[in-house]
Amino acid sequence: MRSTPRESSPRRYLMCPPAHFTVTYSINPWMDPTKPVDLPLALAQWEDLRDRYRALGHTVELLDPDPALPDMVFAANGATVVGGRVLGARFAHPERTAEAYAHLAWFRRNGWAAEDLRVPEHVNEGEGDFAVTASWILAGTGFRSSPLSHGEAQEFFGRPVIGLELVDPRYYHLDTALCVLDEAGDEVMYFPGAFSPGSRAVLARLFPDALLATEEDAAALGLNAVSDGRHVLLPQTATGLFGPLRARGFEPIGMDLGELLKGGGSVKCCTQELRPA
């Protein structure tokens, strides 16, 4: 049991309302176009997440939704921001290609200098496959982002990038299989079964004290979570994670994003962090 309390720090997030969210195609195992989306409920669930961030003292910036891009609500995929620098996304599927341009346009309109913006050469899906700690950028590959994007990110951000191979299609992005709990302390939680044997060995070496999720909690997308260093917002159905998080001094906050889960995303997928210089 951790004796000292955790401390949160104010964060700045970019989110996009699910005004046009629907599931009309399938690009991951969670998406089933035969299951209708309750759009008013999806919007209410998203607004609850946005309002919770603000109530915790965080800033939420908004990206205007595009009616032609139903997956824009999953704002984490649109870019990765580290030290005030922005590595744009290059999506693997044509259905989402235009989202990358919408994100970069937002950064240009909101004061980012051209030298701090990079249009990527290689496929990467933003914070879907990049997770940031004080020491490393963890980088997923196997289903979406190209391994070539790892070197590109390392050169652009000037931080060591650790490649991790995903092998279970349910966990097609790193942010479905791993969550950074304490960025400054290099503390994470993850589901070992989502990774190749070599990547599991790397994670065990880098994070020997990590919180390991069960298959049941991972299958509830419980690792698609956001932590401010103290509060951990995660799917409310990942009940097995609440006790272990509390034992480590975190305050888990269960969120209901069941409608957005129909698109294969939850708390983290909806949340891009704007890390300052």
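Residues numbered from 1 in each chain as written. Predicted model: local features only at pLDDT ≥ 70, side-chain atom pairs only at ≥ 80, totals over all residues. Heavy atoms only, no water.

Our next topic: the overall build of the chain. Of regular secondary structure, the chain possesses seven helices and 15 strands. In terms of C-alpha radius of gyration, the chain reaches 17 Å, essentially the compact-globule figure of 19 Å for 277 residues. Summarising its shape, the C-alpha atoms of the chain cover approximately 50 × 40 × 35 Å along the three principal directions. Within the chain, buried positions represent 55% of all 277 residues. Just so you have it, the chain exposes about 11000 Å², and 52% of that area is on carbon and sulfur atoms. Charge centroids of the chain, computed over 25 positive and 36 negative side chains, lie 3 Å from each other. (Helix = DSSP H or I, 4+ residues; strand = E, 2+ residues; numbered from the N terminus. Rg over C-alpha atoms; globule rule 2.2 N^0.38 Å. Buried < 20%, exposed > 50% of the residue type's maximum accessible area, 1.4 Å probe, protein only. Areas by Shrake-Rupley, 256 points an atom, 1.4 Å probe, with all protein chains shown as cover. Lys, Arg positive; Asp, Glu negative; His and termini not counted. Charge placed at Lys NZ, Arg CZ, Asp CG, Glu CD.)

What follows is about the sheet that holds strand S6 (residues 130-132). With mixed pairing, the three strands of this open sheet are ordered in space as S6-S7-S8. The sheet is open, and its two borders are formed by S6 and strand S8 (161-165), each paired with just one other strand. Sheet twist, expressed as the mean angle between neighbouring strand axes with direction ignored, is 25°. Here five bridges tie strand S7 (residues 137-141) to S8, and the two strands are oriented parallel to one another. In the sheet register, Gly 140 faces S8, and the bridge partner there is Leu 164. (Pairing = 2+ DSSP bridges. Axes fitted to C-alpha atoms, helices over the stretch in contact; angles between N-to-C directions.)

Both strand S13 (residues 231-235) and strand S14 (residues 251-255) contribute to a ladder of five bridges, which runs parallel. Paired with Leu 233 across the two strands is Ile 253, which belongs to S14. What joins S13 to S14 is helix H6 (residues 242-247), and the crossover it makes is right-handed. (Right-handed = clockwise from strand over helix to strand, strands pointing away.)

Turning next to the state of the cysteines. Using the criterion set out here, one finds zero disulfides in the structure. The thiol of Cys 179 is unpaired, and the distance to the nearest cysteine sulfur, on Cys 269, comes to 12 Å. The thiol sulfur of Cys 269 is not disulfide-bonded, and the nearest other cysteine sulfur, from Cys 270, lies at 6.8 Å. Overall, Cys 269 belongs to the buried group, its relative accessible area being 2%. (Disulfide = S-S within 2.5 Å.)

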